[in-house]
Amino acid sequence: MDPRSQNNSENQIHGDDNEDQRSGDEADKLNNFKHNINEGGEVIHENVKKIDMKKTLNDTTFILTCLKNHFVFYNLSEAELENIVNKMFYCEAAAQTYIFKQQDHATCFFILQRGSLEVIVNEKAKRELKTGDGFGELALLYNAPRSASVKCFENCNLWGIDRNTFRRAVEEMITKEYEENRKFMEVVRFFHNLTNEQKDAIAAVLIVQKFYKNQIIVNEGDPGSSFYIIKEGTVSVLKGNKEVRKLYKGDSFGEQALYYNTVRQMTVRAEDDVKCLALGRDSLTKILGDQVHVVTFRNLQKWAFEKNALLSKLTKAQIDKVLDVMKISSCKAGDVILKKGTQANQKIIVIIEGSLKKSKSGITVATKAQAWGEEYFLQTNKAKILDDDIVMETDGVIAEITADNFIDCIGGELEEIIKKNEKILEKKLQKSDQTKKKEAQNIKKSELSHIKTIAYGQFGPVYLVKAKFNQQLYVLKAFNKNQINEQTLEKYFYFIFLCTFNKRSKYQKLQIFHLSFHL
């Protein structure tokens, strides 16, 4: 075997004691690095030999075709792609050598022009790369160690580009994507607890990736170093060959990779054409530091409360108090969380990672970002006894709060507090409605500007209008006098039905305000 394949990274992992061999390997690699310097004078760390060679038309066409089929480059214009092709260098790698090894420093992305390669993860062969395949793209996206090793089956010829050269070539695209991503972050729950400064910094390191229908985004068992947010499309989450759930725009996956080194617990596959925002662990850690765990864990707990039929009726302040007290712990598959024969209303549990099940029946009772146990805090269920052990179905992380602490945080029994919250909310809505009605009653027809007709009803059209004095959008329904007379609705009044316009919820679902004008 070529001595270059026994690099320093491997020695660190496997504890090679042969110091002389190691020194020779390092010298060999360093000698090779003399040939591998990018345009900015920076060292290229991969174990390839860079060769000065002018691209032919066939070479350019080959590289362009490969780039257009790769998710990292799909969004680039023809001019940007051509610029990247011009920056790519030609290189060679010898049979039976490693181009790079898992955990090595990453510099370059490669396209294989001739030969064949093997992808190895944790010393297990995963797949084979052939002519036209690209690999090492994470090196272009963020500064993270290699998540796999790539070994040459035979002598190989490749085209490569390093991260810094790539980024310089697409600065305009990066600026445009930054603005789009920053705007998108405002509607993604994962980022809600961050400051604007933190969001700005994260938007700068988010990378857009495109995946085609049925393409695997992450593989179960592969090392994880990045987190994904779905910007467009739908994905399936698979455990083995079984679909566990589907995720949609705004959903995220791979959070575990943000706070500790781990392997992917499930496979994620694109159901249609999908765009994702990718965020590397190292990038997020540089921005948030020790807050990574705090932000991700608290977000998941918050989502669990917001999605829960009962807990979502608590106020924001009440939920925050509960989250401040919840205890977070790691669990192993099979760990007993609550024992059979004990009171069911002992605690509320939120699954941060993994899932919870009934031991004997095997029924899953809660999965990631779901709460369990709150129903036993209702008066009708308080006396219930568990008929089965509640155990961890998989390794995972949970947050829990005891019944006493929960009641203390929200200020009383769950049902009583929910009723109080609903009464307070109802009063606020009534007050708000009264204010809006008063405002609407003072609006004159002359103060409304017609924008467009948005629907036709039984008694005539429905208009989208705007108040000239405050730019507020309204939906307006008008009845003429003849219609009112024919239907004996009213003999002396002309009614205008007006409601505030909300792009999300459509006018049919909004409070309607009645304006009357004497004829």
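Keep in mind it's a predicted model, so treat the numbers as computed, not measured.

## Focus on the overall build of the protein chain
Part 1 of the argument: Each helix and strand in the protein chain was counted, giving 15 helices and 32 strands.
Part 2 of the argument: The proportion of buried residues among the 519 residues of the protein chain is 46%.
Part 3 of the argument: At a minimum sequence separation of 6, the contacts of the protein chain that also span at least 24 residues come to 68%.
Part 4 of the argument: Carbon and sulfur atoms make up 48% of the accessible area of the protein chain, which amounts to about 27100 Å² in all.

## Observations regarding the pattern of salt bridges
Part 1 of the argument: Within the structure shown, the criterion is met by 17 salt bridges.
Part 2 of the argument: A salt bridge links R182 to E186; its shortest N-O distance comes to 2.5 Å.
Part 3 of the argument: D324 is paired through a salt bridge with R298; the nearest N and O atoms lie 3.1 Å apart. Remark: R298 occurs in helix α11 (residues 291-307) and D324 occurs in helix α12 (residues 316-325); sequence separation between them is 26 residues.
Part 4 of the argument: Linked through salt bridges whose partners overlap, the residues forming this network are R182, E186, K199 and D200.

## Here's the deal with the packing of aromatic side chains
Part 1 of the argument: Summed over all chains, the structure comprises six aromatic pairs.
Part 2 of the argument: Note on F100 and F135: the rings are 6.1 Å apart at their centroids and 40° apart in plane angle, and the pair reads as tilted. With F100 in strand β3 (residues 98-100) and F135 in strand β7 (residues 134-135), this residue pair connects regions lying 35 residues apart in the sequence.
Part 3 of the argument: Residue F100 is classed as buried on the basis of its relative accessible area, which comes to 5%.
Part 4 of the argument: Since its relative accessible area comes to 5%, F135 is described here as buried.
Part 5 of the argument: Note on F110 and F135: the rings are 5.5 Å apart at their centroids and 25° apart in plane angle, and the pair reads as stacked. Of this pair, F110 sits in strand β4 (residues 108-114) while F135 is found in strand β7, placing the two residues 25 residues apart along the sequence.

## Observations regarding the sheet that holds strand β16 (residues 252-253)
Part 1 of the argument: Strand order in the open sheet made by the four strands is β10-β19-β13-β16, with antiparallel pairing throughout. Of all strands in the sheet, those bounded by a partner on one side alone are β10 (207-211) and β16.
Part 2 of the argument: Where β10 lies against strand β19 (residues 274-280), five bridges are found, and the strand directions are antiparallel. The residue bridging I207 from the neighbouring strand is A278, located in β19.

## A word on the nonpolar core
Part 1 of the argument: Of all hydrophobic cores here, the largest spans 48 residues; its most connected members are F305, L314 and F406.
Part 2 of the argument: The element that contributes the greatest number of residues to this core is α11, accounting for seven residues.
Part 3 of the argument: When near neighbours in sequence (up to four residues on either side) are disregarded, F406 contacts L311, L314, V322, I348, F377, I401 and L414.
Part 4 of the argument: Of all hydrophobic cores here, the second largest spans 36 residues; its members include L76, F109, W159 and C276.

## Things to note about the packing of helix α8 (residues 196-203) against helix α10 (residues 281-288)
Part 1 of the argument: It is at 10 Å that the axes of α8 and α10 come closest, and there the two elements cross at 155°. In terms of axis orientation, α8 runs roughly antiparallel to α10. Pair α8 / α10 crosses with right-handed handedness. Across the interface between the two elements, Q198, A201 and I202 of α8 pack against L284, I287 and L288 of α10.
Part 2 of the argument: Here the residues of the contact of α8 with α10 are counted per class, giving five nonpolar, one polar and no charged.

## So, the packing of α12 against helix α13 (residues 403-410)
Part 1 of the argument: With their axes 8 Å apart at the nearest point, α12 and α13 run at an angle of 145° to one another. Crossing handedness for the pair α12 and α13: right-handed. Of α13, the residues touching α12 (which contributes Q318, K321, V322 and V325) are N405, F406, C409 and I410.
Part 2 of the argument: Each residue belonging to the contact of α12 with α13 can be placed in one class, and the counts come to five nonpolar, two polar and one charged.

## Digging into the side chain of N157
Part 1 of the argument: Looking at where N157 falls in the secondary structure, it is placed in strand β9 (residues 156-162).
Part 2 of the argument: Judged by relative accessible area, which is 14%, N157 ranks as buried.
Part 3 of the argument: Of the polar contacts made by the side chain of N157, one reaches the side chain of Y90; its length is 3.0 Å.
Part 4 of the argument: Residues contacting N157, with those up to four places away along its chain left out, are Y90, C91, E92, I111, L112, Q113 and R114.

## Side note on the side chain of K231
Part 1 of the argument: Its location among the elements puts K231 in strand β13 (residues 226-232).
Part 2 of the argument: You can call K231 buried: its relative accessible area is 13%.
Part 3 of the argument: Engagement of the side chain of K231 in a polar contact is seen with the side chain of N181, the distance being 3.1 Å.
Part 4 of the argument: Ignoring anything within four residues of it in the chain, the contact list for K231 reads E180, N181, F184, V208, K249, K275, C276 and L277.

## Points about the environment of T65
Part 1 of the argument: Positionally, T65 belongs in helix α3 (residues 57-68).
Part 2 of the argument: Side-chain polar atoms of T65 contact the backbone oxygen of T61, separated by 2.9 Å.

## Focus: the pairing of β19
Part 1 of the argument: Across the seven residues of β19, six count as buried, placing the element largely inside the fold.
Part 2 of the argument: Pairing between β13 and β19: six bridges, direction antiparallel. The partner of I230 across the bridge, within β19, is C276.

Cut-offs used in this document
- Residues numbered from 1 in each chain as written.
- Predicted model: local features only at pLDDT ≥ 70, side-chain atom pairs only at ≥ 80, totals over all residues.
- Heavy atoms only, no water.
- Helix = DSSP H or I, 4+ residues; strand = E, 2+ residues; numbered from the N terminus.
- Buried < 20%, exposed > 50% of the residue type's maximum accessible area, 1.4 Å probe, protein only.
- Contact = heavy atoms within 4.5 Å.
- Areas by Shrake-Rupley, 256 points an atom, 1.4 Å probe, with all protein chains shown as cover.
- Salt bridge = Lys/Arg side-chain N within 4 Å of Asp/Glu carboxyl O.
- Phe/Tyr/Trp six-rings, centres within 6.5 Å; stacked < 30°, edge-to-face > 60°.
- Pairing = 2+ DSSP bridges.
- Core = buried A, V, L, I, M, F, W, Y, C linked by side-chain atoms within 4.5 Å.
- Axes fitted to C-alpha atoms, helices over the stretch in contact; angles between N-to-C directions.
- Parallel < 35°, antiparallel > 145°, perpendicular 65-115°, else oblique.
- Left-handed = near helix turned anticlockwise from the far one by under 90°.
- Nonpolar A, V, L, I, M, F, W, Y, C, P; charged D, E, K, R; others polar.
- Polar contact = N/O pair within 3.5 Å; in protein donor to acceptor, adjacent residues only side chain to side chain.

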